[in-house]
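Architecture at a glance
The chain contents come next:
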Amino acid sequence: MAAIYQAAYRRASSLICRLHSTYVRKMRYLNELKEDDSLCRQAQTSGTFYLFHNLSPFLQQVGKKYLVPQLSVAEMKRILDKFKETEQWIEKSVLIGCSDEHVPHFALDLGTLEKSVIESELKGSFTDLRKALFVVDGKDSPVLASAQALLRWHDSHQYCSKTGQPTQKNLAGSKRVCHASGITYYPQMSPVVITLVSDGSRCLLARQPSFPQGMYTALSGFCDVGENVEETVRREVAEEVGLEVESLWYSASQHWPFPSSCLMIACHARVRAQQAEISMNSLELEEARWFGLEEIMEGLKREPRSAKQDDGSFLPWFPPKQAIAHQLICEWVKQQTS
């Protein structure tokens, strides 16, 4: 009788799965992997792996393109054999997604192994993430950013903040547990607002001393405890450029791994044209100024290499398409030209 019930349950489950969209099935499968260590361990035997070395992703250059290879389990074992390491290394990986066909994707940092040996074996190189995000295909940038953020979080949360005892990650890497206190830690993101300020006919962009020469972008800052997004936008604009926001509206959001895992909340803000004189906070910014539509459109066409002039100075250029600041600037241009 039990076998009959089990068979009926499997048929019903199969029917329910078929009724769900591909997206729903994928999300439910990923959730199962996060909650079930044995299921995740089994998935690691058929999954693909993104490699990192001290948080730098592995890339392969093919012509002018930079590819992000996904290694099979067999390839992972071959690399580990080179260092006489066991397959248990694979359990240090973290789950970062899966394909529509339910092939799970993991990220693994091989930071304690000799970098040059891995690069030679796989014919590629480990590249700083800031550079990697802007040279790989657009669909790979969010994957690398999310993977590095999760690997970084595990690296910095190996001990319980209450007991000081080691924490243990679950196999998928979706949490860490302190068995001494029973506390479960989950990866977190810090909310950051990024705001494009306009007075109606101009937009305001700024730069910090640490920026590449010539690059200007929208204002940004972390949310303080207890603030909502609107309060953060108004405070940051007042602090950094001495302007009072009259109105604001939400645009979009983006995960961003710098300086650590951040949720960038992108907004547009309007200030009065009659009260648009900038009073810059020099402790935070190197320069802040208004840009007209024509200058913005020219800057969007300009790449960093073409920004340098004969006298050594730089023409303004803006963050690339992968950054949400670029989207804000393009939205402003569209508003001005519509």
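Predicted model, so just to flag it, every value in this text is computed and none were measured. (Residues numbered from 1 in each chain as written. Predicted model: local features only at pLDDT ≥ 70, side-chain atom pairs only at ≥ 80, totals over all residues. Heavy atoms only, no water.)

Here we come to the pattern of salt bridges. All chains considered together, the criterion is met by 16 salt bridges. Of the charged contacts, one joins R235 and E227 as a salt bridge, the two residues approaching to 2.6 Å between their closest N and O atoms. Judged by its relative accessible area of 17%, R235 is buried. Since its relative accessible area comes to 22%, E227 is described here as partly exposed. A salt bridge links R235 to E239; its shortest N-O distance comes to 3.2 Å. Taken together, the residues span about one helical turn, with R235 and E239 both in helix α8 (residues 229–241) at a distance of four residues. For E239, a relative accessible area of 37% corresponds to the partly exposed category. One salt-bridge network, in which partners are shared between bridges, spans D224, E227, R235, E236 and E239. (Salt bridge = Lys/Arg side-chain N within 4 Å of Asp/Glu carboxyl O. Buried < 20%, exposed > 50% of the residue type's maximum accessible area, 1.4 Å probe, protein only. Helix = DSSP H or I, 4+ residues; strand = E, 2+ residues; numbered from the N terminus.)

Moving on, we come to the side chain of R176. Counting through the fold element by element, R176 comes out in strand β8 (residues 176–178). Here R176 sits buried without a salt bridge, and the closest side chain of opposite charge, D155, lies 8.4 Å off (N-O distance). In this structure the side chain of R176 is engaged in a polar contact, spanning 3.0 Å, whose partner is the backbone oxygen of H157. Here the side chain of R176 touches T167 through a polar contact of 2.8 Å, side chain to side chain. (Lys, Arg positive; Asp, Glu negative; His and termini not counted. Polar contact = N/O pair within 3.5 Å; in protein donor to acceptor, adjacent residues only side chain to side chain.)

Helix length check: helix α7 (residues 141–156), at 16 residues, gives a terminal C-alpha distance of 23 Å against a target of 22 Å (1.5 Å per residue), a fit within 8%. Among all positions in α7, only S141, L144, A145, A147, Q148, A149, L150, L151, W153 and H154 are buried. (Expected span 1.5 Å × (residues − 1).)

The sheet built from three strands is open, its strands ordered β7-β8-β9 with antiparallel pairing. The sheet terminates laterally at β7 (168–169) and β9 (183–185), the two strands that pair on one side only. As paired elements, β8 and β9 share three bridges and run antiparallel to each other. Paired with V177 across the strands is T184, a residue of β9. (Pairing = 2+ DSSP bridges.)

This brings us to a negative patch on the surface. Together, E32, E35, D36 and D37 make up a negatively charged patch on the protein surface. Here D37 is to be found in helix α3 (residues 37–44). On the basis of relative accessibility, which here comes to 34%, the residue D37 falls in the partly exposed class. (Patch = residues over 30% accessible without salt bridge, like charges linked within 9 Å, V, L, I, M, F, W, Y side chains within 5 Å. Areas by Shrake-Rupley, 256 points an atom, 1.4 Å probe, with all protein chains shown as cover. Charge placed at Lys NZ, Arg CZ, Asp CG, Glu CD.)

The subject of this paragraph is the nonpolar core. By size, the foremost hydrophobic cluster in this structure holds 39 residues, and its most contacted members are L144, I194, L196, L205 and I296. For this core, the secondary-structure elements that each account for two or more residues are β1 (48–53), α6 (129–132), α7, β10 (190–198), β11 (202–207), β13 (247–256), β14 (262–270) and α11 (324–337). Counting residues per element, this core draws most heavily on α11, which supplies six residues. Counting contributing residues, this core receives three or more from each of domain 1 (22–154) and domain 2 (190–337). Apart from residues lying up to four places away in sequence, L205 is in contact with L196, Y216, T217, A218, E287, A288, R289, F291, I296, F318 and I329. Among the nonpolar cores identified, the runner-up in size contains 26 residues, and Y29, L30, A43 and W89 belong to it. (Core = buried A, V, L, I, M, F, W, Y, C linked by side-chain atoms within 4.5 Å. Domains from an automatic or database assignment. Contact = heavy atoms within 4.5 Å.)

Structural measurements only, silent on function.
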